[in-house]
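# Fold and geometry: a report
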Amino acid sequence: MSSFRADRLAAERTKAGLSRQELAQRVGIRPAVLDDYEAGLRTPNAKMLAGLAEAAGCQTKELLDPAEEPDLRTLREQAGGLGPGAAATAAQMSRGALAMLEAGRTTELKDSVAAALAAAYATSEEEVRQAHQRSVASARSTAPIWLTERTLQRLADHLGRTPDELRELIETIQDEERRG
């Protein structure tokens, strides 16, 4: 969960008047795990985040970065800690199809899916559409370019380079794309 704010968890726990031991006990985890969450060493999954928020008497979104405009995954996580399976079921789609939407790999968001996700996430269809667009915009190609040695050699000859120079160029370009 990329937008989890460890400092907000500690603040909400303190605001609720709970010790680390008490909050850990309420959510059924070891105090050491809670310590790691509050120190930012571990990140709770969506279900745990919802449990932490409930036990601390706050909303899930209070434990997330308010400045970050949510993508689809973050929007789901803010919706009371819905896991991908529950969200996919609510939207009457497969978990894989939801994963593709969240990863920004599916660029078309059907009206019926937007409506179902909005209902499941207790938000507007417009917010779902905007979150989807952020997912698509932030998607980076992780698929490497596969070239046979023969094709790579022909391309290198055509460009007046060596195959090793082309491999290095491809890696440099892919690194730049990953960094955005």
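Here is what the cut-offs are and how they apply
Residues numbered from 1 in each chain as written. Predicted model: local features only at pLDDT ≥ 70, side-chain atom pairs only at ≥ 80, totals over all residues. Heavy atoms only, no water. Salt bridge = Lys/Arg side-chain N within 4 Å of Asp/Glu carboxyl O. Helix = DSSP H or I, 4+ residues; strand = E, 2+ residues; numbered from the N terminus. Buried < 20%, exposed > 50% of the residue type's maximum accessible area, 1.4 Å probe, protein only. pLDDT = per-residue confidence, 0-100. Arc of directions from axis to C-beta. Contact = heavy atoms within 4.5 Å.

### Topic: the pattern of salt bridges
Per the stated rule, a full pass over the model turns up 13 salt bridges. The partner of Glu 38 in a salt bridge is Arg 13, with the nearest N and O atoms 2.6 Å apart. With Glu 38 in helix H3 (residues 31–39) and Arg 13 in helix H1 (residues 6–15), this residue pair connects regions lying 25 residues apart in the sequence. Arg 13 matches Glu 38 in its accessibility class, with the two residues each being buried. Connected through shared salt-bridge partners, Arg 13, Arg 20, Asp 35 and Glu 38 make up one network.

### Some remarks on the confidence of the model for the protein
Parts of the model with low pLDDT should not have their predicted coordinates read in detail. In this model, the protein carries a mean pLDDT of 85, and residues with pLDDT of at least 70 account for 90%. Mean pLDDT across the elements of the protein bottoms out in helix H11 (residues 163–179) (77) and peaks in helix H2 (residues 20–27) (95).

### Considering H3
Along H3, the residues that are buried comprise Val 33, Leu 34, Tyr 37 and Glu 38. The buried residues of H3 all sit within an arc of 135 degrees when viewed along its axis, so they share a single face. Looking at the packing, one finds that the buried side of H3 touches H1, H2 and helix H4 (46–56). Phi turns positive one or two residues past the end of H3, at Gly 40, with a value near 80 degrees.

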